[in-house]
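Below are the chains, spelled out letter by letter.
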Amino acid sequence: MRVTQGTFSFLPDFTDQQIHEQVQYCIDNGWAVSIEYTDDPHPRNTYWEMWGHPMFDNPDAAAVVYELNECRKIYGSYYIRIIAFDSSPGWESIRLSFIVNRPPEEPGFKLSRTEVKGRNIQYSITPYSSDNPQGSRYK
Amino acid sequence: MENEGQEQESEIVTEVNLKEDFQASGVADILAELDNSLIGLTPVKTRIKETASLLLVDKAREKLGLVNESPTLHMSFSGNPGTGKTTVALKMANLLFRLGYVRKGHLVTVTRDDLVGQYIGHTAPKTKEVLKKAMGGVLFIDEAYYLYRPENERDYGQEAIEILLQVMENNRDDLVVILAGYKDKMDKFFESNPGFRSRIAHHIEFPDYSNNELLEIAEVMVASMNYHFNKESKKAMAEYIKIRKKQPHFANARSIRNAIDRARLRQANRVFNNSKGPIGASFLSQIEDIDIRQSRVFSGGIDK
């Protein structure tokens, strides 16, 4: 099951050239661009691991694509996303976030139903991949 | 790759107008500016003009579908201090930007300290950070030969060189690297790092300025600060240049700038001490020969 989240989530995966152009748009708007990765695709997993610092002072998107490819070398089978922060309101807020790398196989989520008081049902989802400990989920 | 083929089919270009391309790119302005704002440096200007026309023709060939590999644009500027290497690098960045060979056209100036770390594992991130900042523009490495210190086996400079070479090769479209430094030391540096020599296509030498050119530079500098020489002070400046040039640590245009700064200091002092009553603008911006002749250079000392 293809995990979708963030901007452009219903488009096919971007090529490096397309990523470059989107990132350049962010930089031209004065946003700081950052790369993050994770192997836990749960939708409520908001805070991913940071790949290096957010890039505040690179005028060209080539730097971000370069770092992305460095990140792919190590975490090529993880989810990697690009996030653009806007600090102009006085706090850091996310303007744009999109997935740029995903595992070759995405097993999807398990839906579990729990019957609780009054025959009500509670639903929860668990990624199948999270059965394994962190770091050994995608190969 | 497939898309590119389709695009070329849809708009078939059969001829290009070099003159129009030249006008449209705005390169003419930069070359004219180069001619006007920089005194002397004829060989450098010729080389830059040659490079500019090569790049322009390359772009035209690309339009016609005559495939050629993207040219290697990394350069080395060798010459004595104060011969205008940084100034030309700045113009070069602008020129490459107008020609469409770099995307942003900014210049990042660094020296060894900005690239090489102090402990193990410090160098690679530092160098990469600088390279990332320079992407889309021009990276200017001043006194590049200090990167390589053969006398110290454990020097981290070598690591910086390796990363540099790698990025220079793999990200050729993303940034242009210009190495600069003294002629003899640069030659030695290239000898011991053959990888650099082969990756740099343009070796440009900056000649020293002649006395007349230095005097012209002095006049331009003074004019840009809204001061002016009179006949005597111009003569004094010419003599100053002649003597200063023979002394050690002479740094061409930079020495001239320093001399002018000190002359302004003395001028201000003189004006302040002698002023009685109101004075006009021309008096305030006049550099007298006494302002220059008070320099230690004339009594056998050295102005640093």
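Placed above this text is the structure.
We now turn to the structure provided with this report.

Quick notes on the rules
Residues numbered from 1 in each chain as written. Chains lettered and ligands numbered in written order. Predicted model: local features only at pLDDT ≥ 70, side-chain atom pairs only at ≥ 80, totals over all residues. Heavy atoms only, no water. Pairing = 2+ DSSP bridges. Helix = DSSP H or I, 4+ residues; strand = E, 2+ residues; numbered from the N terminus. Axes fitted to C-alpha atoms, helices over the stretch in contact; angles between N-to-C directions. Contact = heavy atoms within 4.5 Å. Salt bridge = Lys/Arg side-chain N within 4 Å of Asp/Glu carboxyl O. Polar contact = N/O pair within 3.5 Å; in protein donor to acceptor, adjacent residues only side chain to side chain. Phe/Tyr/Trp six-rings, centres within 6.5 Å; stacked < 30°, edge-to-face > 60°. Buried < 20%, exposed > 50% of the residue type's maximum accessible area, 1.4 Å probe, protein only.

**Some thoughts on the sheet that holds strand E4 (residues 93–101) of chain A**
Residues and elements named next belong to chain A.
Turning to step 1, where the next piece is worked out: In spatial order, the strands read E2-E1-E3-E4; together these four strands make up an open sheet with antiparallel pairing. This sheet does not close on itself; its edge strands, each paired only once, are strand E2 (49–55) and E4. With direction set aside, neighbouring strand axes in the sheet form an average angle of 20 degrees.
Turning to step 2, where the next piece is worked out: By the bridge criterion, seven bridges tie strand E1 (residues 32–38) to strand E3 (residues 79–86) in an arrangement that is antiparallel. Among the inter-strand pairings, Glu-36 is bridged to a residue of E3, identified as Arg-81.
Turning to step 3, where the next piece is worked out: Along the sheet, helix H2 (residues 62–75) contacts E1, E2, E3 and E4; its crossing angle with E2, the most-contacted strand, is approximately 165 degrees.

**Quick notes on the interface of chain B and chain A**
Turning to step 1, where the next piece is worked out: Residue-level contacts link 11 residues of chain B with 13 residues of chain A.
Turning to step 2, where the next piece is worked out: At the junction of chain B with chain A, the criterion picks out five salt bridges.
Turning to step 3, where the next piece is worked out: Note that Asp28(A) is salt-bridged to Lys104(B), the shortest N-O span being 3.3 Å.
Turning to step 4, where the next piece is worked out: Scanning the region where chain B abuts chain A turns up four residue pairs in polar contact (both at pLDDT 80 or more).

**Structural notes on the sheet that holds strand E3 (residues 138–142) of chain B**
Residue and element names in this part refer to chain B.
Turning to step 1, where the next piece is worked out: Taken together, the five strands give an open sheet; going across it, the order is E2-E3-E4-E1-E5, and neighbouring strands pair in parallel fashion. Only two strands of the sheet have a single neighbouring strand rather than two, namely strand E2 (107–110) and strand E5 (202–206). Each strand axis lies, on average, 20 degrees off the axis of its neighbour in the sheet, ignoring direction.
Turning to step 2, where the next piece is worked out: Where strand E1 (residues 75–79) meets E5, five bridges bridge the pair, whose relative direction is parallel. For Ser-76, the partnering residue across the bridge sits in E5 and is His-203.
Turning to step 3, where the next piece is worked out: Here helix H7 (residues 123–134) sits on the sheet and contacts E2 and E3; the angle it forms with E3, its principal contact strand, is near 135 degrees.

**Looking at the packing of aromatic side chains**
All names here are of chain B.
Turning to step 1, where the next piece is worked out: Following the criterion strictly, the structure yields 16 aromatic pairs over all chains and no others.
Turning to step 2, where the next piece is worked out: Arranged with centres 5.8 Å apart and planes meeting at 55 degrees, the rings of Phe-189 and Phe-190 form a pair that is tilted. Of the two residues examined, Phe-189 and Phe-190, each falls in the buried class.
Turning to step 3, where the next piece is worked out: Between the aromatic rings of Tyr-240 and Phe-298, the centroid separation amounts to 6.1 Å while the plane-to-plane angle is 55 degrees, which identifies the pairing as tilted. Taken together, the residues span a long stretch of sequence, with Tyr-240 in helix H12 (residues 231–246) and Phe-298 in the segment after helix H15 (289–293) at a distance of 58 residues.
Turning to step 4, where the next piece is worked out: Given a relative accessible area of 25%, Phe-298 falls into the partly exposed group.

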